[in-house]
Amino acid sequence: MLPTWYDHTIQLQPQQPLEDTLKQLPGRWCVYLMCDAAGQPVQMLAVKNLRASVQRRLSENPDDTLTKRVDYRAVVREIRYKRVDGALESDLAYLDSAKAVFPDSYRQLLSQRQTWFIHVDPDADFPRWTRVDDPSSTRGIVFGPIQEKNQAQKLIETIEDAFDLCRYHHILTQSPGGVPCAYKDMHRCPAPCDGSVSMQQYKALIRWSIDTLCDPSNEIDQQTARMAAAAGDLKFEVAGKIRQFIAQIESFRKTEWRYVRPMEDFRFLSLQPGPRKGHAKLFAITPNGIECVMGLRSEPDESLLQCDPIRHLMQPAPPSAAIASSSHESSREQISLAVKHLFSPKSTGVFIHADDLNPRSLVSAYKQISKRQPEAEQPESANDDEGVIAEMKHDAFSPA
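Model, not experiment: these values are computed from the prediction. (Residues numbered from 1 in each chain as written. Predicted model: local features only at pLDDT ≥ 70, side-chain atom pairs only at ≥ 80, totals over all residues. Heavy atoms only, no water.)

A. Up close: the overall build of the protein chain. The number of helices and strands found in the protein chain is 16 helices and 13 strands. For the protein chain, the proportion of its 400 residues judged to be buried stands at 50%. In the protein chain, the proportion of contacts linking residues at least 24 apart, taken out of those at least 6 apart, comes to 66%. Put simply, the protein chain shows about 19,800 Å² of open surface, and 48% of that area lies on carbon and sulfur atoms. (Helix = DSSP H or I, 4+ residues; strand = E, 2+ residues; numbered from the N terminus. Buried < 20%, exposed > 50% of the residue type's maximum accessible area, 1.4 Å probe, protein only. Contact = heavy atoms within 4.5 Å. Areas by Shrake-Rupley, 256 points an atom, 1.4 Å probe, with all protein chains shown as cover.)

B. Up close: the nonpolar core. With 37 residues, the main nonpolar core has Trp5, Met44, Tyr94, Phe266, Phe268, Ile285 and Ile290 as its most contacted residues. When residues of this core are assigned to their parent elements, the largest contribution, eight residues, is made by helix α5 (residues 87–101). What Met44 contacts, discounting residues up to four positions off in sequence, is Tyr32, Leu33, Tyr94, Ser97, Ala98, Val101, Phe102, Ala390, Glu391 and Met392. The next biggest cluster of nonpolar side chains, apart from the first, holds 31 residues, and it includes Ile118, Ile146, Cys166 and Ala230. (Core = buried A, V, L, I, M, F, W, Y, C linked by side-chain atoms within 4.5 Å.)

C. The arrangement of the layout of surface pockets in detail. Taken as a whole, the largest pocket spans an internal volume of roughly 480 Å³. Lining of the largest pocket is provided by 18 residues; of these, Asp161, Ala162, Asp164, Lys241 and Phe245 occupy positions nearest its centre. If you list the elements that add at least two residues to the lining of the largest pocket, you get α7 (149–163), α10 (199–214), α11 (216–232) and α12 (236–250). Here the lining of the largest pocket is built from residues that sort into nine nonpolar, four polar and five charged. (1 Å grid on protein atoms, 1.4 Å probe; cavity = no way out; pocket = protein on both sides within 12 Å on 5 of 7 lines; lining within 4 Å. Points joined across faces, edges and corners; volume = space filled by probe spheres on them. Nonpolar A, V, L, I, M, F, W, Y, C, P; charged D, E, K, R; others polar.)

D. Summary view of the sheet that holds strand β4 (residues 78–83). The five strands are arranged β1-β4-β2-β3-β13 in an open sheet whose pairing can be described as antiparallel. Across the chains shown, the open sheet's two edge strands, defined by having one partner strand only, are β1 (8–11) and β13 (388–393). Between one strand axis and the next, the sheet turns through 15 degrees on average, direction left out of account. In this structure, strand β2 (residues 30–35) lies alongside β4, joined through six bridges in antiparallel fashion. Opposite Leu33, over in β4, you have Arg80 as the bridge partner. Lying over the sheet, helix α2 (residues 50–58) contacts β2, β3 (41–47), β4 and β13, oriented at roughly 25 degrees with respect to β2. (Pairing = 2+ DSSP bridges. Axes fitted to C-alpha atoms, helices over the stretch in contact; angles between N-to-C directions.)

E. Representation of the environment of Met392 within the structure. Mapped onto the elements of the fold, Met392 is located in strand β13. Put simply, Met392 and Leu45 are 347 residues apart on the chain and 6.5 Å apart in space, counted from C-alpha to C-alpha.

F. The pattern of salt bridges, seen in detail. Under the counting rule described, the total for this entry stands at 23 salt bridges. Asp123 serves as the salt-bridge partner of Arg207, at 2.7 Å between the closest nitrogen and oxygen. Here Arg207 is found in helix α10, whereas its partner Asp123 is found in the loop between β5 (116–120) and β6 (130–132), with 84 residues between them in sequence. With a relative accessible area of 46%, Asp123 lands in the partly exposed category. With a shortest N-O distance of 3.4 Å, Asp265 and Arg261 are connected by a salt bridge. Several salt bridges share partner residues, and in doing so they unite Arg56, Arg57, Glu386 and Glu391 into one network. (Salt bridge = Lys/Arg side-chain N within 4 Å of Asp/Glu carboxyl O.)

G. Geometry of the packing of aromatic side chains. Inspection of the entire model under this criterion finds nine aromatic pairs. Ring centres 5.5 Å apart and planes at 85 degrees place the aromatic pair Trp5 and Tyr6 in the edge-to-face group. For the pair Tyr259 and Phe268, a centre-to-centre distance of 5.8 Å together with 80 degrees between the ring planes defines the contact as edge-to-face. Phe268 carries the same exposure label as Tyr259, and that label is buried. Through pairs of rings, three or more aromatic residues link up here, namely Tyr259, Phe266, Phe268 and Phe343. Between the NZ or CZ atom of Arg131 and the centre of the ring of Trp116, over which it lies, the distance is 5.7 Å. (Phe/Tyr/Trp six-rings, centres within 6.5 Å; stacked < 30°, edge-to-face > 60°. Lys NZ or Arg CZ within 6 Å of the ring centre and 35° of its normal.)

H. Just the pairing of β5, in detail. Where burial is concerned, most of β5 is hidden: five out of the five residues are buried. Alternating positions in β5 separate into two faces, Trp116, Ile118 and Val120 on one and Phe117 and His119 on the other, with burial throughout. The pairing of β5 with strand β7 (residues 141–146) spans four bridges and is classified as antiparallel. Across the sheet, residue His119 finds its bridge partner in β7, namely Val142. Examined bridge by bridge, β5 and β6 share three bridges and lie antiparallel to one another. Bridging from a neighbouring strand, His119 pairs with Thr130 of β6.

I. Structural detail: a negative patch on the surface. A cluster of acidic residues, Glu19, Asp20, Glu60 and Asp71, forms a negative patch at the surface. By secondary structure assignment, the location of Glu19 is in helix α1 (residues 18–22). (Patch = residues over 30% accessible without salt bridge, like charges linked within 9 Å, V, L, I, M, F, W, Y side chains within 5 Å. Lys, Arg positive; Asp, Glu negative; His and termini not counted. Charge placed at Lys NZ, Arg CZ, Asp CG, Glu CD.)

J. The arrangement of the environment of Gln43 in detail. Within the element layout of this structure, Gln43 appears in strand β3. Put simply, Gln43 and Ile79 are 36 residues apart on the chain and 9.9 Å apart in space, counted from C-alpha to C-alpha. Ignoring anything within four residues of it in the chain, the contact list for Gln43 reads Tyr32, Leu33, Met34, Arg57, Tyr72, Glu391, Met392 and Lys393. A polar contact is formed between the side chain of Gln43 and the side chain of Tyr72, at a distance of 3.1 Å. Reaching out from Gln43, the side chain makes a polar contact with the side chain of Glu391 at a distance of 2.6 Å. (Polar contact = N/O pair within 3.5 Å; in protein donor to acceptor, adjacent residues only side chain to side chain.)

Spatial relationships are all this shows, so hold off on functional conclusions.
Structural data, given as structure tokens:
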């Protein structure tokens, strides 16, 4: 018995004309599953036009390459589907349905990109920044999200360069009896490995790097004041070094790292398309995952910020709670899904970080969404292609 992730079911009889079935189906965005007579899954898809998709697969047209591979008309006896209104909602519903329909294999079938994070434990015996693909940790701080593995590594290298941190951890672990590397001679590392500075002093550098990554703007303001003071005293070489340091810190908010924050601060409200023009759906995005919290039919006002889901979103969770919640597989999958849309230049939604939630930002986001004609409401004559977003088949119906 499959869990009821869907909200509509259509039964198909062997001799029933396909037209009778198509009349019952919307030509709209849906996630749907075709099942055989025993109720077993045949194929699951996320599409932009359910009616066109079913027509293509169940058509008796011998020229259709789909029916040459699998005779769906002879096999399919039931269609289960869920209506969605946009790309984020479609991906979320598809993920949930895939887990319900193909619990043992959905991870291999999903073409979902991995998300990366960086981690540091300032209280470790020999702390260092590391790249991780799992935001869960019992100790330390996790920052993210980052789209690419190499971007995560590049951020670590930028942090190490900016704060003159140890580049060779295996030497650091020998402190205070380690043999220093060339970075000490270049005055690019204080050399805690050979005891030139204590581990307590080195950990203070680590904490400085953490504080700066949490709030680059504050550090930039302080260093800008220092640079101006140095220049005023005609210490131009010092001012130049401070300027270089500021440039490194400013890069922490460059394009590929612009959403990097402590994971407990991974909190966004996303306004996504609703079922009709002028409508919107609100999704809360946290380390716990993604949740549709409400719908809007008109321009929001200040009272919306007092609703429980929004007030809760604006209050960051304690670090330990946020990281623990992220340890669940479903949360990690939904974080990756959110990151895909957060970074996408083609995203159909608007994302507001919880720190930026206010009446003005809400109204602005709503206007951006409401003025668009939702794809789910496009005239069917303009959307007669099925528009496959994602699909997966049961092994028995996959090409050899």
